[in-house]
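Tertiary structure, described
Okay, here's what each chain looks like letter by letter:
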Amino acid sequence: MKLGVFDSGVGGLTVVRAIRRAAGNVSIRYLGDTARLPYGTKSPRTVVRYAIACVDRLLAEGPLDGVIVACNTAS
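These lines cover the structure that appears in this document, whether it is placed above or below. Small disclaimer: the values here were computed from a predicted structure and weren't measured. (Residues numbered from 1 in each chain as written. Predicted model: local features only at pLDDT ≥ 70, side-chain atom pairs only at ≥ 80, totals over all residues. Heavy atoms only, no water.)

Describing the overall build of the protein
When its secondary structure is counted, the protein shows 2 helices and 3 strands. Shown N-terminal to C-terminal, the secondary structure of the protein runs as helices and strands in the order β-α-β-α-β. Taking 75 residues into account, the globule formula puts the C-alpha radius of gyration at 11 Å, and the protein, at 12 Å, falls close to it. With respect to the principal axes defined by its C-alpha atoms, the protein has extents near 35 × 25 × 20 Å. Counting across all 75 residues of the protein, residues that qualify as buried make up 35%. Averaging the locations of the 10 positively and 5 negatively charged side chains of the protein gives two centres separated by 4 Å. (Helix = DSSP H or I, 4+ residues; strand = E, 2+ residues; numbered from the N terminus. Rg over C-alpha atoms; globule rule 2.2 N^0.38 Å. Buried < 20%, exposed > 50% of the residue type's maximum accessible area, 1.4 Å probe, protein only. Lys, Arg positive; Asp, Glu negative; His and termini not counted. Charge placed at Lys NZ, Arg CZ, Asp CG, Glu CD.)

Some thoughts on the sheet that holds strand β3 (residues 66-69)
One open sheet holds the 3 strands; their spatial order is β2-β1-β3, and the pairing between them is parallel. Both edges of this open sheet fall to β2 (27-32) and β3, since each of them pairs with a single strand only. Averaged over all neighbouring strand pairs, the angle between strand axes comes to 20°, with direction disregarded. As defined by bridge partners, strand β1 (residues 2-7) adjoins β2 across 6 bridges and the pair is classed as parallel. Looking at the pairing, G4 lines up with R29 of β2. Together, β1, β2 and β3 form the strand contacts of helix α1 (residues 13-22), whose direction differs from that of β2 by roughly 175°. Taken strand by strand, helix α2 (residues 44-60) contacts β1, β2 and β3, and its axis lies near 145° from that of β1. (Pairing = 2+ DSSP bridges. Axes fitted to C-alpha atoms, helices over the stretch in contact; angles between N-to-C directions. Contact = heavy atoms within 4.5 Å.)

Right under this line is the structure:
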């Protein structure tokens with residue numbers, strides 16, 4: 001299984017760690033959007049645009065079985 005995980009920074013790495021503990025055979029592609037953080041100060045429209053861009057970037061590296069949004073603001 002291949003999963004993509006994104007966050008507005010590096011906090012989502014705790015989510016990656018938990019996934020690896022629960023399902024060690026999962027391949028994970030992580031994107032931390034540190035260039036545009038924090039998302040919490042942005043408009044909802046901008047956050048949606050950023051989230052779509054993050055998913056597009058994850059998918060540009062190849063197909064995924066799922067994407068996990070590890071960003072509270074984006075989720």
